Amino acid sequence: KSAYFPFHTWLPRAHSAAPAHVSALMSGVIHKAGIYGILRFTLLMGTPEAWMGWCILAFSMVSAFMGVLYTATQRDLKRLLGYSSTENVGIAGIGIGVGYLGLCWHQPSLVALGFSGAILHVLNHALFKCLLFYAAGAVYRMTHVVDLERLGGLLKKMPQTGGFFLIGALAISALPPFNGFVSEFLIYAGLFNASVSEPWAKAAFVLAAACLALIGAVSVLSMTRAFGVAFLGTARDSAVVCEGEAPRSMRVSMAIHAAGVLLLGAFPVLGLRWVSESVGRFFQSGGQSSQAVHARKELEALTRPLSW
């Protein structure tokens, strides 16, 4: 349901066939039900064992890595965005794996960083991925094409749509000051702040952080390619005619999501407050409820310098 690799093949096919607003609903909400199921099951089973956290961490790293590789090779704009969902659920899964290990090792800061990063990334992904799908839908509405090899120079006739797509592309690439950076920053902080004595565990966390950095770099590459080919330069196919800027109703939808992307990027404490109640439930299930308040204060102190 979450479209983890190798169970992801249904999602890009569905995105390439569905209308843009349905693709946004699927990517932003529906396939997140799988992540929700994992988190709910975690609350039911209490304190997990260490092997569960390592399995989720490893599985998520593979999923994110394979998802971003598929993303970088697509020429269908909507299919490209569909594969990036596999990448981003993998990133959220890395945070869940860190949270699992924090519960097992009784490290409240690790629990807070892992689960906060994961849940906040799910929320952030819903915002910037819906924005990108709305922009892709606007491109299709005005050109009747989503093939990157046939598009080009759209920024001249669709400057607002191009601007909204650029905001979503920067956010999904986890670049500051957009919301995707905040949630991935929390996951990085969890990977680098784990207090473990075993050398192999430290090496595994460093490897996960390096893998996450590589995933981010390839994501920047794929989004740069998508925006550059579609909106910059000159038209590639004379048969493709852009009818002008997207209708106002489509631009309003994009503007609302772009505002959410910028708001959570500029004020990360606001996003943490939205997810703090959900994260607190994991402290209760792991028998660490007395330390939840202290962990939340540490989180806010960690993200406060990121605010404008």
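Now for a look at the structure at hand. No experiment lies behind these values; they were computed from the predicted model shown.

### A closer look at the environment of histidine 31
Relative to the helices and strands, histidine 31 is located in the loop between helix H2 (20-28) and helix H3 (33-45). Taking C-alpha positions, histidine 31 is 8.6 Å from leucine 11, a pair spaced 20 residues apart along the chain. In contact with histidine 31, not counting residues within four places along its chain, are Lys1, Ser2, Ala3, Trp10, Leu11, Met26, Ser85, Val89 and His125.

### Some details on the side chain of glutamate 87
One can find glutamate 87 in helix H5 (residues 77-105). The side chain of glutamate 87 is buried and forms no salt bridge, while lysine 129, the nearest opposite charge, is found at 7.0 Å. Sequence-distant contacts of glutamate 87, that is, excluding residues within four places in its chain, are made with Ser63, Ala64, Gly67, Val68, Ile215 and Ser219.

### Focus on the packing of aromatic side chains
Scanning all chains against the criterion turns up 13 aromatic pairs. Aromatic pair tryptophan 54 and tryptophan 200: ring centres 5.3 Å apart, planes at 45°, arrangement tilted. Here the residue tryptophan 54 occupies a position in helix H4 (residues 50-72), and tryptophan 200 occupies one in helix H9 (residues 199-231), the gap between them amounting to 146 residues. On the basis of relative accessible area, tryptophan 54 is assigned to the buried category, the value being 18%. A relative accessible area of 55% means that tryptophan 200 is categorised as exposed.

### Comments concerning the pattern of salt bridges
A side chain with one charge may pair with a side chain of the opposite charge, provided their charged atoms come close. Evaluation of the coordinates by the stated rule reveals two salt bridges. For arginine 75, the salt bridge identified is with aspartate 147, shortest N-O distance 2.7 Å. Of the two residues, arginine 75 sits in the loop between H4 and H5 while aspartate 147 sits in the loop between helix H6 (108-143) and helix H7 (159-172), which places them 72 residues apart along the sequence. Between glutamate 149 and arginine 236 there is a salt bridge, and its shortest N-O distance comes to 3.3 Å. Of this pair, glutamate 149 sits in the loop between H6 and H7 while arginine 236 sits in the loop between H9 and helix H10 (248-266), and the two are 87 residues apart along the sequence. The exposure class of glutamate 149 is partly exposed, given its relative accessible area of 35%. Looking at arginine 236, the relative accessible area reads 48%, which means it is partly exposed.

Thresholds, definitions, all that
- What you see as residue numbers is a count from 1 along each chain, following the sequence as written.
- With the structure being a predicted model, the display of local features is reserved for residues of pLDDT at least 70 and the display and counting of side-chain atom pairs for 80 or more, all residues being used for whole-chain, interface and lining totals.
- The basis for the side-chain values is all heavy atoms of the structure; hydrogens and waters are excluded.
- The helix count covers DSSP runs of H or I at least four residues long, the strand count covers runs of E at least two residues long, and both are numbered beginning at the N terminus.
- Contacts were defined at the residue level, with two residues in contact if any of their heavy atoms lie within 4.5 Å.
- Type-normalised accessible area, obtained with a 1.4 Å probe on protein chains alone, sets the label of each residue: buried when under 20%, exposed when over 50%, and partly exposed for intermediate values.
- Counted as positive: Lys and Arg. Counted as negative: Asp and Glu. His and the chain ends are not counted at all.
- Any carboxyl oxygen of Asp or Glu that lies within 4 Å of a side-chain nitrogen of Lys or Arg is treated as forming a salt bridge with it.
- Note on ring pairs: Phe, Tyr and Trp rings are taken, using the six-membered ring of Trp, and paired if centres are within 6.5 Å. Classes follow the plane angle, with under 30 degrees stacked, over 60 edge-to-face and the rest tilted.

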